Structure formats: structure tokens, C-alpha cells
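# Examination of the molecular architecture
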Amino acid sequence: MSEQSAVNGPLSPELLAKMDAYWRAANYLSVGQIYLKDNPLLHRPLTLDDVKPRLLGHWGTTPGLNFLYVHWNRLIRDRNLDMLYIIGPGHGGPGLVANTYLEGSYSEIYPHIEQNEDGIKRLFRQFSWPYGIPSHVAPETPGSIHEGGELGYSLVHAYGAAFDNPNLIVACVVGDGEAETGPLATSWHSNKFLNPATDGAVLPILHLNGYKIANPTILARIPHAELEDLMRGYGYEPFTLEGDDPAVMHQQAATVFDTMLDRIAAIQKAAREDGDTSRPAWPMLIMRTPKGWTGPKFVDGKPVENTWRAHQVPLDKIRENPEHLRQLDEWMHSYKPAELFDENGKFRREYADIAPKGRLRMGMNAHSNGGQLLVPLIVPNFRDFAFKIIGRGQTDGEATRILGHLLHAVMVANTETKNFRVFGPDETASNRLEEVEVGTGKAWMAQTLPVDENLSQTGHVMEVLSEHMCQGWLEGYLLTGRHGFFSCYEAFIHIVDSMVNQHAKWLKTTREIPWRKPIASLNYLLTSLVWRQDHNGFSHQDPGFIDHLLNKKADVVRIYLPPDANTLLSVSDHCLRSRHYINLIVAGKQPAPQWLTIDEAVAHCTTGLGIWQWASNDKGGPEVVMACCGDVPTMEALAAVTLLRERIPDLRIRVVNVVDLMALQPTSEHPHGLPDEEFDQLFPVGVPVIFAFHGYPWVIHRLTYRRHNHDNIHVRGYKEEGTTTTPFDMCVLNNIDRFQLTLDAVKRVPRLKPQIDATEQWYSEAIQRHRLYVSENGDDLPEVKNWRWTEINA
């Protein structure tokens, strides 16, 4: 620190010196994690034996993060704040590990990392080391709910954490590289959904250090006035902090943070005590500091500090170049470790005492370990919403509309706890879930007009036309101990493929960390399905999110395809109550035949798959198994059964419906898998299986490839044939229609070989008749459109 201790500001000279020492200690520990495996406090001259063989980590952003952390600590202590950090540039992981170590959180959670020289040595050695800890702000890092490995989601996670948490302040650092991503650019609009009366506050800090890995950043290179106007246009009140002199910067930071916290307090007071319902301009900070601040200024004659070269490891040739080792030694000594740590390696008390204590420490913030705060969701008895079956398959129902009744009841039942929200990209009503809006409304803090419906400043239905924002809000909400439900068009959920990857990794990792408590599951409802997107066409037809989730760990992912409304109710009840999973429910919204009573639905969902005895005539053993998974494939499979009964009355047919897709796997592969003995009872070895599947056919082959009867499983599903056409023509285009399934069964049953030619002719004529009719009339054949299941004995 320069000799400008007389710089004006709110910090006394004594506190300024202590805060600067704290910052130096965090920087020292950050550098040590990247470079050292021994000699942690430099009690002897640094040698190559002290340096890690592989130098991994990111220095550039870290000193700025350390600077912010020490100032947040002061705010927490002075104002008794409940503050959560979210670090967008999560590759600055060494800094967050260092700060949670200095405040004592780290050693409490990991007792083997003691507050002494041996503990610091272990802290250094474990970083980016085999069987150690990752380089980012990972699940292993105390206080973290956001790893930041994939950029773009920090701000939307911060807002998700703040919803319904009125006493929480989320300090969110947005890296200037991250600010170039699409999701982050849209996330600024989250302030139009944050209610100062009922929600917490988000304090965004746009950290401009000027560079990405190898290029300048956009927002650092536009005129400052233009950047401020951009933030004002987003609806924020921008403040600026800029410089590189630590003494000046500490005082300026203290001043600007006090001002911003006063603004937040005034906004909340106006809303909570004075009844001000206007949308406020929340403060945000633009912070400009050098990339690699306090690090080597030149290496090998080239500038490093305040350039892109500081991004990762500034001195990366230590084993090849003795000068690099000398510079490392000089760099680390510049932080004066002997002043910071006592003879035993313990952080000196006079500096440690300026950090918050107990649960006020950010590393110990309860919201960062949301499972600790999780209040069980009140879910009313789903049986009260059951669809009444009057004649099996004789009455149509809209499955998702019926689910909407249950979700509305859940919303009402949890009014007091305010721990349940429904998310969707402007599709809640389109997906027939609009009843959930009744009484609560859709969250909205922006302007309203007389024509608007169900908009409410206290709404708990979150709608914005960004799947990224819906996903990010929900993740932030879940990670801080609440519950949620996300409905989306099936084809467009792929927009968040990468986000769900990261959440799955978080769930997988935290499942293995004892101090991390389970959180509520992330529940997806995919509707507006491929088979009924006949009106929107090919762009809206893609069932591949199933394939995507199948790549995740078996102890994280569950996939359900309920064939009707009552099975959807049963599955949804289970998912809403579950913990620490990603639950995918795929269910249609269009009127469709209803098959199972509520009791039958519960029994069927409990086993995950089973024989539908009422649709089967397989006494003596089946000659063919007609299997189905998904609502439209189930209807087509049952229609094929009626055609087979008409054409070949003595054919022994077994109908097996699958609602829990993972039950097809062996128990060795998934907890929901069926043992081989039970699978073989459903699908006897040697018996052909004609499988009508909702998604891509190879999914079923992948799940069943270890099964004894796999060679006899023949799958029909979506094969990328789509257009704007009729519902049944979508099935025909993809060869999953009832006529195709009937022909497949005849071809696969050995004793029916003499009938193949006649059946192929029948199939050809049926398809020709279908195509002529839809071309002429623009609608499906009456025999298809008006088809109903007929009982076997009818």
C-alpha cells in the first residue's frame, strides 16, 4: 500500500491498515495455492522443490475478488447483513478459498486444514491437485452456490436466490468477459421482477479488468458514459470505482459501498414501510481494476499486469527459467507474510478480528447450503384432482390442465412459507397450466396496462421469454432452499442444455460432500410435444432433451413419460416431494384418451412399467409384446392392438406401458432399473417386442442393450421427419402410426409369415388412403380422429 494513509474516506487509518493487510493475506494465499506445495510461509529460500509440477489456476481476476471480499466483510459487520456472494468469474477460485480460510469457515468445515503453517501447506497443496479441490468456486468451496466454470449465469442465479428472501443481500460479481454472453446480457432485466417489499436485494458488481483469455473485453473498451447509459437503460443506478492505488481504492470503495447500501436500505424502507409500489432503480457498481493487480508487472520483458497475460499463471516457466522462480519469490514476499501470520502460521488476530463472526461469515451463510433451510413443500392430496374414468379410453382429457389444478393448490397451500414458484418462458397458459396464476398472479414490476391479465408485484409465477433466465432463476431459488417447477415447450428446452449440465454436475458433486444438505429437485414439465406440434412445424419438433439427460449420472436423473392425466398427477406429486434430482416429465397438453383410474395410475407409477392386463390377451404366453412409452405412442400402440385383434383374433398380445424410462435399465445401471428376472417376465426371451417410443428410437436400444431379449426389441420413434401437417400424419411420417405397428407385429411373429404379403398390401392401401384424405381435407381420417379403444370382450 502506498504511503497515502491520510486519504480521506470513512476508514480510520487503523482500519484501513487492517483491511489492506487482510487483502494482502488473501492475495498471498491465492498465489500460494497456484504455485506452492511446500514452504508455505517462505521460512526458507524458495526452491523448485517447493513448487508444484503442474501450475494450474487463474490469477487475473483473483485480486479484485479478494478486494471486494474484504469490503463486503466490513459491510456485514457494520450493518449486521445477511450477505451471500456469487462469483461470475468463478475461475478466481483461489480467492474465495483464501477468504473463507482467513475468516475461519474453511477450517470449521474441513478440520484437517488447520489455522497454522501445516494447514496452509495442505490448503496450498490440495488446490488443482489430484484428489484435492477444483480450481473454480466449486461446490467444495464454503459459501458458494455458483461455480462460475461456465460463464453467463451469475446474475440470474443471484436474483433467483433473492426472490422471497427479504433480508438477504446477494453480492454478485459479473466478469467483463462473462458480460459478453447472451444469458448475462438478458439477466440485467431481472430487476423488473424483484419486489423490494417482499424480496431481497441484488448488488451487481461489473468487474472490468479489461481482458479475457487473449482479447480485450467489449464493455471495458466503450466510453464510460456509454456504459453508464447502458446500465441506466437496464434500470439501474450505476456507481463507479476505478484505480490501482490500494490506499485510495480502499477509501473510495468504502465510500461507494456505504452509499449503495444506503440506497438499498432506502428503497426497501420505501416499499416496506411507506407503501411505495414503484419500480426502483437499484444500485450497481462498475469497478475498474488492473487484471492481475499486485502481481508481476513484467515477465520476460513483456507487460503482464493489466494485460491479458495475467489471466492464468503469470510465471509459467519456473522450472525452465530461474528468473521466473526469483520473480515468484519476490512477488510472494511483496505481501509481507511475516507481518500477516504469526510464528505458528496462524493469521494474526488483529487482522482476523475484522471479519464477521459465526453465521454472518459468507462462508457460513445458511442460504449457500440451501438444504439446511429447506422447509418441506406442502402438497395437497393429488387424488383429489383425479380425472374420473368413465369407460377406459372413452373420454378425452387435457393432462396438463388437470395438473394445473394441483399446482394451483400447491401454490395456495404454501402461501405463508412463500417457498414455491412456477417458471416458464411465456408458456404457462399455452401449456394449459394457467390456473396456477389464479390468486397469485405473474410476477411483474414494470409498467402495466388495462389490457394486462394476472400481473402482480407479488406474483409467484415467473414468466419471461428466456429459457436461460427461467432456468437460472429456478436454480438460484432451489440452491437457497426453496421449491420450483419449470414448464417449457419440448423442442426449446434444449436452449438450457448446457445449464442443466452444470446443475447436474453440482448435484452429483454435492451428493458426495457430507456438509452439503440435499436441496429440492429441479422439476421439468415438457409439453407442446413433438407429436402434437403439427401446427407449428418442424422447428417445434424435437424430443432430444431425453437423450441429453440420459448422459447424466444415474443417481441424479429421473425421466417420466406418463400416458394420461392420472399418471401425470402421480408422477408430479412424487417429483415435487423429491430431493436432489433432476426430474424430467414429458406429457402432452392436447385432449387425449384417458386410460387409468387414479388407483391404477399410482400402482403403475410405483412400479414404473407394467402389463396392462385390460389391453392384453396373452394367456399361455405372448406371441408379441406391444410396448409403449409416451402419450401418443401409447394411443397408437393400443390402436394397433385393436387392428391386430380384428385381423388376427387368435394372436396372443401383451401390452406393456413404460412410465419411468429408467426402469428399462438393469439395476446395475440405475436405481430404478428392473432386475433381469422381472424384465424377462415382462419381455420373455425370444418374443418379439414392438416398441412405440416418444423420442428417438436408439434411446430404447441404449437402455436395454444388456437385456436378454434385446435382439428382439424393435423400436419405432421420432426420426427427424416433420412439417406442418395433421397430428396423425406426424406419426405416419415417422413410421410410429398404428398401421406401421400392426405391420411390424405381423412381420415379427414367426407363425404369421404367410400373412406378411397381404398385410403389406393392407398397410400400403391404408397409408395411401390416409395421404389422399389429408391432402384433400386438411384433417385426419374420421376413423383415426374418432378412434376409441374397444374392450377385448366387447
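Conventions used here
- Residues numbered from 1 in each chain as written.
- Predicted model: local features only at pLDDT ≥ 70, side-chain atom pairs only at ≥ 80, totals over all residues.
- Heavy atoms only, no water.
- Pairing = 2+ DSSP bridges.
- Helix = DSSP H or I, 4+ residues; strand = E, 2+ residues; numbered from the N terminus.
- Axes fitted to C-alpha atoms, helices over the stretch in contact; angles between N-to-C directions.
- Salt bridge = Lys/Arg side-chain N within 4 Å of Asp/Glu carboxyl O.
- Buried < 20%, exposed > 50% of the residue type's maximum accessible area, 1.4 Å probe, protein only.
- Right-handed = clockwise from strand over helix to strand, strands pointing away.
- Phe/Tyr/Trp six-rings, centres within 6.5 Å; stacked < 30°, edge-to-face > 60°.

Turning to the sheet that holds strand β22 (residues 713-716), a few remarks are in order. If you trace the five strands from one edge of the open sheet to the other, you get β18-β20-β19-β21-β22, paired in mixed fashion. Only two strands of the sheet have a single partner each, and these edge strands are β18 (609-611) and β22. The mean inter-strand angle of the sheet, taken between neighbouring strand axes irrespective of direction, is 20 degrees. Summarising the sheet, strand β19 (residues 624-629) and strand β20 (residues 653-658) pair through five bridges and their orientation is parallel. Looking across to β20, one finds that V625 is bridged to R654.

With that out of the way, let us pick up the pattern of salt bridges. This model, assessed by the stated rule, comprises 44 salt bridges. Linking D78 and R74 is a salt bridge whose minimum nitrogen-to-oxygen distance equals 3.1 Å. Highlighted residues: D78 and R74, both in helix α2 (residues 62-79), separated by four residues, approximately one helical turn. Take D78: its relative accessible area is 55%, and that puts it in the exposed class. A single network of salt bridges, built from pairs that share partners, joins R74, D78, R79, D258 and D262.

Judged by which residues are buried, strand β15 (residues 557-560) turns out to be covered on both faces: V557 and I559 on one side and R558 and Y560 on the other are all buried. In this sheet, strand β16 (residues 582-586) lies alongside β15 in parallel orientation, the contact comprising four bridges. Note that in β16 the partner of Y560 across the bridge is I585. Regarding the hand of the β-α-β motif, the stretch spanning β15, helix α17 (residues 565-577) and β16 is right-handed.

Evaluation of the coordinates by the stated rule reveals 33 aromatic pairs. Taken together, a centroid distance of 6.5 Å and an interplanar angle of 50 degrees make the contact between Y28 and F124 tilted. With Y28 in helix α1 (residues 13-35) and F124 in helix α5 (residues 117-126), this residue pair connects regions lying 96 residues apart in the sequence. The residues Y28 and F124 share a single accessibility class, namely buried. Pairing W188 with Y236 gives two aromatic rings, centres 5.5 Å apart and planes at 80 degrees, and the pair type is edge-to-face.

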